Amino acid sequence: MYNFAYHRPGSLAEAERKLKAAADGRLLAGGQTLLPTLKQRLAKPSDLIDIGRLAELSFIKADGRSVQIGATTRHATVAASAEVRKAIPALAKLAGGIGDPQVRNMGTIGGSLANSDPAADYPAAVLALGATIHTTERAIAADDFFKGLFETALKPGEIIKSVSFPVPEKAGYMKFAQPASRFCMVGVFVCKAGSGVRVAVTGAGPCAFRQSAMEKALASNFSAAAIESVKVSPAGLNADIHCSAEYRAHLVGVMARRALTEANG
Amino acid sequence: MTETGIGARVKRKEDFRFLTGQGTYTDDINRHGQAHACFLRSPHAHAKLGAINAAKAKAMPGVLAVFTHADLAADKVGGVPCGFGLTQKNGKPQIEPPHPALAAGKVRYAGDAVAMVVAETLAQARDAAEAIEVGYSELPAVVDTAGAPRAKSAVHDEAPNNVCFEWEIGDKAKTDEAFAKAANVSKLEFVNNRLIPNAMEPRAAVGEYDRATGNYTLYTTSQNPHVIRLLMGAFVLAIPEHRLRVVAPDVGGGFGSKIFHYAEEALVTWACRKVGRPVKWTAERSESFLTDAHGRDHVTKVELATDREGNFLGLRVHSIANLGAYLSTFAPMVPTWLYAPLFAGQYRTPAIHAEVIGVFTNTSPVDAYRGAGRPEATYVVERIVETAARDLKLDPAEIRRKNFIAPAQFPYTTPVVLQYDSGQYALAMDKACQLIDYKNFAKRKAEAEKRGRLRGIGFSAYIEACGVAPSAVAGAIGARAGLYEAGVIRFHPTGSVTVITGTHSHGQGHETTFAQLVSDRLGVPYDSIDVVHGDTDRIPFGMGTYGSRSIAVGGSALSKAMDKIVDKGKRIAAHLMEAAVQDIEFKNGAFRVAGTDKQKTIQEVAFAAYVPHNYPLNELEPGLEETAYYDPANFTYPAGTHIAEVEVDPQTGQVEVVDWAAVDDFGNVINPMIVEGQVHGGIAQGIGQALLEGCVYDDRSGQLVTGSYMDYCMPRADNLPSYRVDMTHTPCPHNPLGVKGCGEAGAIAAPAALMNAITNALGIKDLAMPATPERVWRAAQARGARAAE
Amino acid sequence: MPTVSMTVNGKSVGKTVEDRTLLVQFLRQDLGLTGTHVGCDTSQCGACVVDVNGHAVKACTLLAAQTEGARVTTIEGLAAADGALHPMQQAFMDNHALQCGFCTPGMVMSAVDLLKRHPNPDEQTIRRELEGNLCRCTGYHNIVKAVQQAAKAMAR
């Protein structure tokens, strides 16, 4: 690691000021992606602003129509939350499958979304559930948030405060983990809500994306059978030593069907 | 059997310190005034090395020194030696190019060390390493094992076609004859995938020089400190043994990768004198991936000739073995003498011929990894036997039984040199079939099919040759060292015992097993016995631990030392009890005058030996301490049958190992709990090879693609089943303990069993290891397409 | 350079360290608690797992500064004050759940954490929950048995 100056502001407002004042500042929430990156000397920030302990960013609120989760809420907290398990069990399941238990004890939802790792789990839920990302400056719809590989709509200095998820009628999540890293090789989140059916895929492309052919096929029949004939094209999908684009495309179908079975179960 | 004697499941002496965080691993050692080293490593697989400019780095805060090959040359530091000299089939020696400790002229693999930085802190050393400017002009990289002899580029000028050796074993004419008359010839071509050992403790070394005495101490993560002292002292640094102490303290796993002498050990030892401070280096895991010697990496063709009934007539094998960029310590031995002599397996195959070509590539050096040659051999034999069974439509258990060497046939000389000493192969097979309930497999398969799963079963009836021996044979085939072992039994005046062994425990539990052995034999309470290993200043000599040799060779040395103790004890006791020596018998820790109730305990005898007031000083020296060296008469031959059962999800290609039966014959067993643990761990590594682990280099650039746990798939708890483990016991007839060794069996047996099971589930002939989900899915797709036709 | 203070194994400690100091470096180098190990550089092997404020975390992926004011328990602090082994340590010894011992401190710390969340786990749960800890020696067979024994012992 290159050296940096570490700060632990006492409030979100102070964090914003520190971030803006730093030459090349980075937010530190759970650090489960940032610290490994720094250890490999792949980044050289001048300042780390630790927001991991800000109480105002760590909460779960549910009101029957939506679940709102503060940006620095740990994955383990979301996974264990009675409110989340009741309102959107698929979201709790997703959180409980991120990384490993120790990573879940540190990693945060805001950190995951801001990083937009192509193999992260949360983006699939955010997109499929049609969540809204609340920042220090605005509210961003999920559909407008993920822009590409490690790229989001966040502007420099903008900090995620919370994410609100509308409670769906039914939802399911299934992932196929990359065997070595256990990150998502393919993850599919399916959701049926009053507003319609949404299917989001993570792990397979540069960032999470919606699978519109499946959404169309599921609109009238929200079941695994309805997408049997939907062909997933490998064009544009990721390929690496663990998984070709063709196999990824195939897994999108399998994971989607299994997520649907779970959602309907 | 007593509670702590031979055969007892004694809890380990080692565990308390490990469970309370009080182990002392090399990186836990900090010497006064210690500085820290890091290595600048080549980012290229193959390049000419131009100018190295370290001026900026040397001026950075905390930097004590930056060393390159020029500094080593000025001090006449030698290259890293190879410990084995193979004779090729044309009678010439292997090609043995120099292996400089820091790259000279060229870098030959991504990770080859170019410069060493020593600084006050590790962070400062790393900061400085980044500031060193190195001129590289890239050369085409030789990566592909099979393609290396035809590559346009040469890794070493000494080997223009990248061939280190061409070697053969067996009778070619007789084998050709067997094939000519065969009713059936089964064939396979496959890759034995390259593995990265990944002991959980990364390599580390601390060098310290004492100006007052001129003595050096090296603390290092080694399986064999005396071997390191010999190789490093004699060949690299020209330090005589009496000035060099090598300590291998608690070592966090080895699996072969910590046998070898690595340049970093020599460099910290050399540098500590140059900078006048102790110097520590600890590998980062990513550095371990690049620089620990890798394992396996063969490209093989095999053919088995049989008659119509499935009797084996002849076996023909051709392998190309990747040796990497430089010859690691035992590299030429592994794919030759530790490999092809095992091609008879457990069978009476009358004619065998094998050829092996060893090649250099621009990849990390390849050497022994758990099993070393024998897993590769078992894979060859057990995959082709399974294939023959399928070709001939014979039951896989039956074809094996039909060809087993029968118990009455021992000693049995195979067509590939070895003389097997003992075995009961059918017994292990029968027991394994019972354990896994082989006869009801069809029912389980049908039940799985209802759940959409493909169930398969696979056998592996393996044999290994352990405790490489005798030294004269090892020397004749090319080993540049003897392969005996040393042991000391030291009684203290009040009756406690220090056991000193030249083997090294890095997980095997020798502190427990050897204490059990001594307690059982000498009748000394287990808690009064401590075992010392891993320090050249405390141990007369030792060849260390690898090749499942510790109990068979090291245990036998201790057994011989105990014989001497008992002999001397009898003479002392005879004097004390005024009896004739031939009337003294030793049993349960006491010397008795036969036919009387007169006795002296061994503790009383020890006391008399150290306080010789009443002692036959004109005949005997005081003291009760004996040293023995043991050079075995033959290898030992552990063998057994493993059976794997798997279920495949054809939609995803995911394989689940659902059951595993292992029946091994290790001869006599000292501590079954520890032996079972060795079997479990070996199987896990074997499953790793077959299902998960595969080292990948980029074909063109020679970059290691699987350079971290993000891409190199290590077996985790949820990848593995619980195992059913049982044993048969056919004592080794030629060593005093009747033991055979258990450390590698699982890793040797498992890959073939698992691949036989997976191909059985999928109804296909072959599949490449590791059987990744994508590979299995593609095979399942192809099978589905065939079924639909 | 900031001063970092915390309670480690019941003792208050404070040291001035570089900002970039990881918790595991702080424990091993500054406090001499070398029972916590480093086995990888990508946060996967789990040899460095310690307990911070009641949760198992990877000490290689946490800055010492982030644990300012925290209660940290390492493998050295797991046994009782009188030296009696924790039931998990005892279960590892009884079941031969360790060989080389290098992964053991992290494995034990993770296993203790596991039982907090799953007091009566089945084999599958144990295997899944140990996802963040690599062991190269045991094949995990005896680790699973040890966790089962400890669960029974702690339920009593």
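Residues numbered from 1 in each chain as written. Chains lettered and ligands numbered in written order. Predicted model: local features only at pLDDT ≥ 70, side-chain atom pairs only at ≥ 80, totals over all residues. Heavy atoms only, no water.

A. Molecular detail of the overall build of chain A. Scanning chain A from N- to C-terminus turns up eleven helices and 14 strands. Scaling as 2.2 N^0.38, a compact globule of 265 residues should have a C-alpha radius of gyration of about 18 Å, and chain A matches this with 18 Å. The principal-axis extents of the C-alpha atoms in chain A amount to approximately 55 × 45 × 30 Å. Here chain A holds 265 residues, and the buried ones make up 59% of them. A separation of at least 24 residues holds for 58% of the contacts in chain A among residues at least 6 apart in sequence. (Helix = DSSP H or I, 4+ residues; strand = E, 2+ residues; numbered from the N terminus. Rg over C-alpha atoms; globule rule 2.2 N^0.38 Å. Buried < 20%, exposed > 50% of the residue type's maximum accessible area, 1.4 Å probe, protein only. Contact = heavy atoms within 4.5 Å.)

B. Seen up close, the interface of chain C and chain B. Facing 44 residues of chain C, the contacting portion of chain B comprises 51 residues. The junction of chain C with chain B conceals about 4100 Å² of combined surface from both sides, 57% of it contributed by carbon and sulfur atoms. Per-residue buried area on chain C facing chain B is highest for Met93, His96 and Arg136 of chain C; these three make up 20% of the total on that side. Our count for the contact surface shared by chain C and chain B stands at five salt bridges. Two residues, Asp127 of chain B and Arg20 of chain C, come together in a salt bridge whose shortest N-O distance is 3.4 Å. For the side of chain C that touches chain B, the elements supplying multiple residues, two or more each, are helix H2 (87-94), helix H3 (104-117), helix H4 (123-129) and helix H5 (141-155) of chain C. Taken together, the residues that form the side of chain C that touches chain B break down as 18 nonpolar, 16 polar and ten charged. (Buried area = accessible area lost by both parts, 1.4 Å probe. Salt bridge = Lys/Arg side-chain N within 4 Å of Asp/Glu carboxyl O. Nonpolar A, V, L, I, M, F, W, Y, C, P; charged D, E, K, R; others polar.)

C. A look at the sheet that holds strand S21 (residues 529-532) of chain B. Residues and elements named next belong to chain B. The sheet built from four strands is open, its strands ordered S21-S20-S19-S25 with mixed pairing. Of all the strands in the sheet, just S21 and strand S25 (625-630) have a single pairing partner and so form its edges. Sheet twist, expressed as the average angle between the axes of neighbouring strands with direction ignored, equals 15 degrees. The pairing of strand S20 (residues 497-501) with S21 spans four bridges and is classified as parallel. In the sheet register, Thr498 faces S21, and the bridge partner there is Asp530. Where helix H14 (residues 510-522) meets the sheet, its contacts fall on strand S19 (485-491), S20 and S21, and the angle it forms with S21 comes to roughly 135 degrees. On top of the sheet, helix H15 (residues 550-576) reaches S19, S20 and S25; it is set at about 140 degrees to S25, its chief contact. (Pairing = 2+ DSSP bridges. Axes fitted to C-alpha atoms, helices over the stretch in contact; angles between N-to-C directions.)

D. Just the domain arrangement of chain C, in detail. Residue and element names in this part refer to chain C. Each assigned domain of chain C is listed here: domain 1 (3-77) and domain 2 (87-155). Once you take the C-alpha centre of each, domain 1 and domain 2 turn out to be 21 Å apart. Between domain 1 and domain 2, the contact holds 18 residues from the first and 14 residues from the second. In total, about 1100 Å² of surface goes out of reach between domain 1 and domain 2, with carbon and sulfur atoms giving 60% of it. For domain 1, the biggest contributors to the area lost against domain 2 are His37, Val49 and Ile75; these three give 42% of the whole. (Domains from an automatic or database assignment.)

E. Spotlight on helix H1 (residues 23-30) of chain C. Residue and element names in this part refer to chain C. Taken together, the buried positions of H1 are Leu23, Val24, Phe26, Leu27 and Arg28. Elements in contact with the buried residues of H1: strand S1 (3-8), strand S2 (11-16) and strand S3 (49-52). At the exit of H1 stands Gly32, carrying a positive phi of roughly 70 degrees.

F. The packing of aromatic side chains, seen in detail. All told, the structure shown has 28 aromatic pairs over all chains when counted by the stated rule. Ring geometry for Phe260 of chain B against Tyr262 of chain B: centres 6.3 Å apart, planes inclined by 65 degrees, an arrangement best described as edge-to-face. By relative accessible area, which is 1% here, Phe260 of chain B ends up buried. Judged by its relative accessible area of 9%, Tyr262 of chain B falls in the buried class. Put simply, the rings of Phe312, Tyr347, Phe404, Phe410 and Tyr425 of chain B pair up and form one aromatic cluster. One cation-aromatic arrangement involves Lys61 of chain A over Phe59 of chain A; the distance from NZ or CZ to the ring centre is 4.6 Å. The residue whose ring lies beneath Lys13 of chain B is Tyr526 of chain B, and the NZ or CZ to ring-centre distance is 4.3 Å. (Phe/Tyr/Trp six-rings, centres within 6.5 Å; stacked < 30°, edge-to-face > 60°. Lys NZ or Arg CZ within 6 Å of the ring centre and 35° of its normal.)

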